[in-house]
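The lines below spell out each chain.
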Amino acid sequence: MTPKVDIRAVVFNEKNEILLVREKIDGCWSMPGGWSDVGFTVKEVAVKETKEETGLDVRAERLLAIIDKRCHPYPPSPFYVYKFFILCEWVSGEFAHTFDIIDCGFFALDNLPPLSLERTLPEHIFLMDKLRKNPSEPVYLD
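The structure reproduced in this document is the subject of the present report. (Residues numbered from 1 in each chain as written. Predicted model: local features only at pLDDT ≥ 70, side-chain atom pairs only at ≥ 80, totals over all residues. Heavy atoms only, no water.)

Overview of the layout of surface pockets
Regions of empty space are outlined by a rolling probe, equal in size to a water molecule, passed over the atoms. In this structure, the largest pocket encloses a volume near 370 Å³. Taken together, 19 residues line the largest pocket, and the ones lying closest to its centre are Arg8, Glu23, Gly34, Trp35 and Arg119. Broken down by secondary-structure element, the contributors of at least two residues to the lining of the largest pocket are β1 (4–11), β4 (33–35), α1 (42–54) and β6 (81–93). Ranked by residue count, the leading element in the lining of the largest pocket is β4, at three residues. Of the residues assigned to the lining of the largest pocket, the class counts are five nonpolar, three polar and 11 charged. (1 Å grid on protein atoms, 1.4 Å probe; cavity = no way out; pocket = protein on both sides within 12 Å on 5 of 7 lines; lining within 4 Å. Points joined across faces, edges and corners; volume = space filled by probe spheres on them. Helix = DSSP H or I, 4+ residues; strand = E, 2+ residues; numbered from the N terminus. Nonpolar A, V, L, I, M, F, W, Y, C, P; charged D, E, K, R; others polar.)

A look at the environment of aspartate 142
Tracing the sequence through the fold places aspartate 142 in the segment after β8 (140–141). Overall, aspartate 142 belongs to the partly exposed group, its relative accessible area being 45%. Between the C-alpha atom of aspartate 142 and that of isoleucine 86, which follows or precedes it by 56 residues, the distance is 16 Å. Excluding its chain neighbours within four sequence positions, the residues that come into contact with aspartate 142 are Ile66, Ile67, Asp68, Cys71 and His72. Among the polar contacts listed, one links the side chain of aspartate 142 to the side chain of histidine 72, at a separation of 2.8 Å. (Buried < 20%, exposed > 50% of the residue type's maximum accessible area, 1.4 Å probe, protein only. Contact = heavy atoms within 4.5 Å. Polar contact = N/O pair within 3.5 Å; in protein donor to acceptor, adjacent residues only side chain to side chain.)

Observations regarding α1
Helix length check: α1, at 13 residues, gives a terminal C-alpha distance of 18 Å against a target of 18 Å (1.5 Å per residue), a fit within 8%. Those residues of α1 lying buried are Val45, Ala46, Lys48, Glu49, Thr50, Glu53 and Thr54. Contacts made by the buried residues of α1 are with β1, β2 (18–23), β4, β5 (56–68), β6 and β7 (101–107). Of the residues trailing α1, glycine 55 is marked for its positive phi of about 90 degrees. (Expected span 1.5 Å × (residues − 1).)

Quick look at the pairing of β2
The buried fraction of β2 is high, at five of six residues. Looking at chain direction, β2 and β7 are connected through six bridges and run antiparallel. What sits directly across from glutamate 23, in β7, is isoleucine 101. In this sheet, strand β3 (residues 29–30) lies alongside β2 in antiparallel orientation, the contact comprising two bridges. Looking at the pairing, arginine 22 lines up with tryptophan 29 of β3. As consecutive antiparallel partners, β2 and β3 are separated by five residues, and within that stretch glycine 27 has a phi angle of approximately 75 degrees, a positive value. (Pairing = 2+ DSSP bridges.)

Geometric descriptors of this kind do not, in isolation, establish any biological role.
Here it is, written out as structure tokens:
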């Protein structure tokens, strides 16, 4: 079995709130992202998925983590998945809704909405916050 690659954009605003999207599939929230696409770099996927899911233009800055989904308390999945978390900076744009996203917005870390646990775990949001604030920290790798 070949692993699938899930790429998530980690976007914070000036209030230290994280960007989340509400998934139509389960009505819960996750960091913008999705499966990698052939012909796109990891950075390009993070930028593209954020634009498609939120309407916001971001610039991919750096890799924060590569997580092996089986090493963390995600629900069971039919796929073997590696998750790439890319720190992105919000450049411009306004919120826009798409066919597979119900809503999007920025949330304080102490007031997160119900998360789509198949896609985003709360502990990973907190880890990404820690890593982005400490650029000298190494990339988190399982």
